[in-house]
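Listed below, chain by chain, are the residues.
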Amino acid sequence: MPSTPLPFYTKLAFVLVSLFILGWMLYAGSSIIMPLCFAIVLAMLLLPVVNWLVRRGLPAVPAMLLAILLAILFAGGIIYFLSSQVASFMNDLPTIKEKLHQHVSTLQQWINDHLNIDNKQQEAAVETAKKNMQSGSGGMAALVSVAGGLAMLILLPIYTFLILYYRKLIHQFLLDVFGSRHQSRVEEVLTESKSIVQGYMVGLLIEMAIVTALNTAGFLIIGVQYAIFLAVLAAVLNLIPYIGMLIASVICMVVTLTTSDSLSDIVWVGVVLIIVQFIDNNFIMPYIVSSKVRINALVSIIGVLTGGALAGMSGMFLSIPGMAVLKAVFDRVDGLKPWGDLLGDDQKILQKKKRGRVKKER
């Protein structure tokens, strides 16, 4: 007897419950899942390098180790540069504190003159805020965050090597678990997912280089201190979709405030960041990054915020490629295709479907 199709509300309930379980697992096990997700992304990114080294005659295991070592050196170079710039920044800390004190005094005087709140009331409010912060579990949360970061740094190369080493076994497992009936669709999802992640990550690196160059040029023209440091920091934070540039703008303007006597420098830093962000959003991102990931802006913003709520900064960074992989899966499962269309931004497909419905009605 032919099976009776499930009602719409039953299918919708199954999908929503599945998404809830997936989100709960990510939230509860983020300390385990996020290093593994980063390792999968890094393994996909390094796979072409490994294959190239193997074709040049290097055995598979040394090729994997060399590719991971190159990735560590690249990331270590960025971290070393940023840390050296932070060390230089700390050497100028006494001068920075003095200028910051001057700005705070000016702000207090402005509040006193325009809002009729004297300095004693302002200081009392600041002390109350400090006590509230100290009474919380901020220290313990910071300690846990640092420990989690160190654990990720240790586990990431190990996970990456093991995923590269056992990639054929994992590939065969995914084919077997879904059966021969769906083998072609699973192959398509795996191939598209690898292409999406590789293209997205390479695009992000190219985007970071271009944004760094534009920020550096703008800051050097203005003549602010730590121009290269601020440019690299803004480009790195820009890797976090939508939210990163807002954080970078605040940090760059605050650092400029503490190192410059002129308020016009702060304004010009904001102008440079706005111009670079405009160029990035309208020219760099669409042609270099977004062309690899067909996710619409509304879903991207919601996904980034949801990823941040579930897994912090790591979740925000991985939210876009994660949703792109989900879309690749949804597009190949008959009952989930509408969800794939909801994630996408291809208006042409919607127009074709609309024309198809009009023809059927005729």
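Notes on the structure in this doc start here. (Residues numbered from 1 in each chain as written. Predicted model: local features only at pLDDT ≥ 70, side-chain atom pairs only at ≥ 80, totals over all residues. Heavy atoms only, no water.)

### Brief notes about the side chain of T212
Move 1: Summarising the element assignment, T212 is placed in helix α8 (residues 183-222).
Move 2: T212 sits in the buried class, given a relative accessible area of 18%.
Move 3: A polar side-chain atom of T212 sits 2.7 Å from the main-chain carbonyl oxygen of M208.
Move 4: Those residues in contact with T212 that sit more than four places away from it in its chain are A231, V232 and A235. (Helix = DSSP H or I, 4+ residues; strand = E, 2+ residues; numbered from the N terminus. Buried < 20%, exposed > 50% of the residue type's maximum accessible area, 1.4 Å probe, protein only. Polar contact = N/O pair within 3.5 Å; in protein donor to acceptor, adjacent residues only side chain to side chain. Contact = heavy atoms within 4.5 Å.)

### What about the packing of aromatic side chains?
Move 1: Considering all chains together, one arrives at 3 aromatic pairs under this definition.
Move 2: On the basis of an interplanar angle of 10 degrees and a centroid distance of 5.8 Å, the ring pair of F38 and F317 is categorised as stacked. With a gap of 279 residues between them, F38 in helix α2 (residues 30-55) and F317 in helix α12 (residues 297-330) connect regions that are remote in the sequence. Exposure class is identical for F38 and F317. Each is buried.
Move 3: Centroid distance F161 to Y165: 5.9 Å. Interplanar angle 20 degrees. Geometry classified as stacked. Remark: Y165 and F161 occur in helix α6 (residues 138-165); sequence separation between them is 4 residues, near one turn of the helix.
Move 4: Clustering of aromatic rings is evident, with ring pairs tying together F161, Y165 and Y166. (Phe/Tyr/Trp six-rings, centres within 6.5 Å; stacked < 30°, edge-to-face > 60°.)

### A closer look at helix α9 (residues 227-237)
Move 1: Taking burial as the measure, the 11 residues of α9 include 9 buried ones, the bulk of the element.
Move 2: Taken residue by residue, α9 has A227, F229, L230, A231, V232, L233, A234, A235 and L237 as its buried positions.

### Concerning the nonpolar core
Move 1: Among the nonpolar cores identified, the biggest contains 65 residues, and M201, F219, L230, L273, V293, I295 and F317 are the most heavily contacted of them.
Move 2: Of all the secondary structure elements, the ones that give two or more residues to this core are α2, α3 (60-91), α6, α8, α9, α10 (243-259), α11 (263-289) and α12.
Move 3: Aside from chain neighbours lying at most four places away, what touches L230 is F219, Q225, C252, V255 and T256. (Core = buried A, V, L, I, M, F, W, Y, C linked by side-chain atoms within 4.5 Å.)

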